[in-house]
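Chain by chain, the residues:
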Amino acid sequence: MKPKKISPSLLSANFSNLEKDIKMVEEGGAHLLHIDVMDGHFVPNITMGPVVVEAINEVAKIPLDVHLMISDPDYYVNAFADAGADYITVHSESTNHLHRVLQKIKARGIKAGVSLNPHTPLSVLENILDNVDLILIMSVNPGFGGQSFIPNTIKKLQNLKKMLKKHNAEHIEIEVDGGIKIDNIKEVSDAGCDIFVSGSGIFKAKNPKKMISEMINTLS
Ligand code: DX5
Ligand code: ZN
C-alpha cells in the first residue's frame, strides 16, 4: 500500500510569516507543502509565482507540492522547477497539450501531476497514464480555500481506483484537494486517496500542529 501523506495548503497560512507556519506544519508531521499558484485567468483569484516558491524552498525541509491553476502552464514549468518544486501538477483543462507539458515536467526530474476539476470526466486520463506520477482530484471548484467538499468526489475516487487497476497503474498517487477536514478525511481515504490537501482544515484549527497528527492517526 502507498503511504498516506498530508499536504497542508499554504493558501490558508499567514502570508506575513510563512516561515513560521511552514515550521509549524513540519513539526506537526506534514509530509508535503501544498502551494497553490493562481493566475486570475484560469481561476478567479491571484496568489503567488516562482519568486515566492523559491523563498518557500529556502526554508522548507519537506517536498514542495506545487499546484498550478494557471492557463498555458507549459510556459512556466521551467520557472517552477528552477524555484524548487518537487511535484508540479497542471490542470487538464488548462492546456491543449497536456501530454507535452507532462513530458516537460518529467524531463526536469520532477514528479508530474494532472488535476481534474469537479466537472471533468476521468476519461481524459486514459491516454496519459504512462506520463503521470500523481492525479489530483479537485473536491471543490478551484480558486479559494474554505469551500465545502463536493460529495460526488467519493464516487469519482472509487472509479479512479478501478481505472488505475485496469490499466496496471496503481503506482500513481491519488491526491484530493478541497474541503478536507478531520471529520471527512477517513471517508476520502477509504475511497482511495493517498495525499490529502487541507488548508482551512489545518490552519484554521485551534492547534494546527495537533490537527495534523490527529489526521495522521485517523488514517493509520
Ligand atoms: C483551492 C486550492 C486548495 C485550497 C484548499 O483552489 O487548490 O488547495 O487551498 O483549501 P481548503 O482545504 O480550505 O478547502
Ligand atoms: Zn490546491
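Everything quoted here is computed from the prediction, not taken from an experiment. (Residues numbered from 1 in each chain as written. Chains lettered and ligands numbered in written order. Predicted model: local features only at pLDDT ≥ 70, side-chain atom pairs only at ≥ 80, totals over all residues. Heavy atoms only, no water.)

Is there a simple way to explain the coordination of the zinc ion (ligand 2) in this structure?
When four donors bind a metal tetrahedrally, each ideal donor-metal-donor angle is 109.5 degrees, and when six bind octahedrally, the ideal angles are 90 or 180 degrees. Protein coordination at the zinc ion (ligand 2): the donors are His34 (NE2), Asp36 (OD), His67 (ND1) and Asp177 (OD), at 2.0 to 2.3 Å from the metal. Its six donor atoms give the zinc ion (ligand 2) angles of 71 to 168° at the centre, a pattern that matches the octahedral case. Between consecutive donor residues of the zinc ion (ligand 2), the sequence gaps follow H-x1-D-x30-H-x109-D. One end of the pair, His34, is in strand β2 (residues 33-38); the other, His67, is in strand β3 (residues 64-69), and 33 residues separate them in sequence. Both residues of the pair, His34 and His67, count as buried. (Donors = N, O, S within 2.8 Å, 3.2 Å for Na, K, Ca; no water. Tetrahedral: all angles 85-135°; square planar, octahedral: opposite > 155°, others 65-115°. Helix = DSSP H or I, 4+ residues; strand = E, 2+ residues; numbered from the N terminus. Buried < 20%, exposed > 50% of the residue type's maximum accessible area, 1.4 Å probe, protein only.)

Just checking my understanding: could you explain the nonpolar core for this structure?
Ranked by size, the top nonpolar core spans 65 residues in total, and within it Ile56 and Leu125 carry the most contacts. The biggest single contributor to this core is helix α5 (residues 153-166), with five residues. Among all residues touching Leu125, those that are not within four sequence positions of it are Val114, Leu116, Ile135, Leu160 and Met163. Core analysis: the next-biggest nonpolar cluster, separate from the first, contains seven residues, Leu32, Tyr87, Leu136 and Ile195 among them. (Core = buried A, V, L, I, M, F, W, Y, C linked by side-chain atoms within 4.5 Å. Contact = heavy atoms within 4.5 Å.)

I would appreciate a short explanation of the sheet that holds strand β7 (residues 173-177) in the present structure.
Whenever strands of a sheet pair, they do so through backbone hydrogen bonds, lying parallel or antiparallel. Judged by pairing direction, the sheet is parallel, and its eight strands sit side by side in the order β1-β8-β7-β6-β5-β4-β3-β2 without closing on themselves. Strand pairing shows two members of the sheet lacking a second neighbour, β1 (5-8) and β2, which therefore form its edges. Between one strand and the next, the sheet's axes are offset by a mean angle of 25°, whatever the strand orientation. Along the sheet face, helix α8 (residues 208-219) touches β1 and β8 (195-198) and points at about 150° away from the line of β1. (Pairing = 2+ DSSP bridges. Axes fitted to C-alpha atoms, helices over the stretch in contact; angles between N-to-C directions.)

Would you take a moment to explain the pairing of β8 for this structure?
For a regular strand, side-chain orientation follows a simple rule: the groups alternate between the two sheet faces. Every second residue of β8 is oriented toward a common face, with Ile195 and Val197 on one face and Phe196 and Ser198 on the other, all of them buried. Direction of pairing for β1 relative to β8: parallel, over a ladder of four bridges. The partner of Lys5 across the bridge, within β8, is Ile195. Two strands pair when backbone bridges link them, and β7 and β8 are joined in this way by three bridges, in the parallel orientation.

Just to check I follow, could you spell out α5 for this structure?
For α5, which comprises 14 residues, the first-to-last C-alpha distance of 20 Å matches the rise-based estimate of 20 Å (1.5 Å per residue) to within 8%. What α5 keeps buried is the set Thr153, Ile154, Lys156, Leu157, Leu160, Met163 and Leu164. Of the residues trailing α5, Asn168 is marked for its positive phi of about 55°. (Expected span 1.5 Å × (residues − 1).)

Would you explain the pairing of strand β4 (residues 87-91) in this entry?
Judged by how many residues are buried, β4 sits mostly within the fold: five of five residues are covered. Residue alternation in β4 divides its side chains into two sets, Tyr87, Thr89 and His91 and Ile88 and Val90, and both sets are buried. Alignment of β3 against β4, held across four bridges, turns out to be parallel. Paired with Leu68 across the strands is Val90, a residue of β4. Once you follow β3 into helix α3 (residues 77-83) and on to β4, the crossover reads as right-handed. Two strands pair when backbone bridges link them, and β4 and strand β5 (residues 111-116) are joined in this way by five bridges, in the parallel orientation. Opposite Val90, over in β5, you have Val114 as the bridge partner. What joins β4 to β5 is helix α4 (residues 98-107), and the crossover it makes is right-handed. (Right-handed = clockwise from strand over helix to strand, strands pointing away.)

Worth remembering: the numbers are spatial, not functional.
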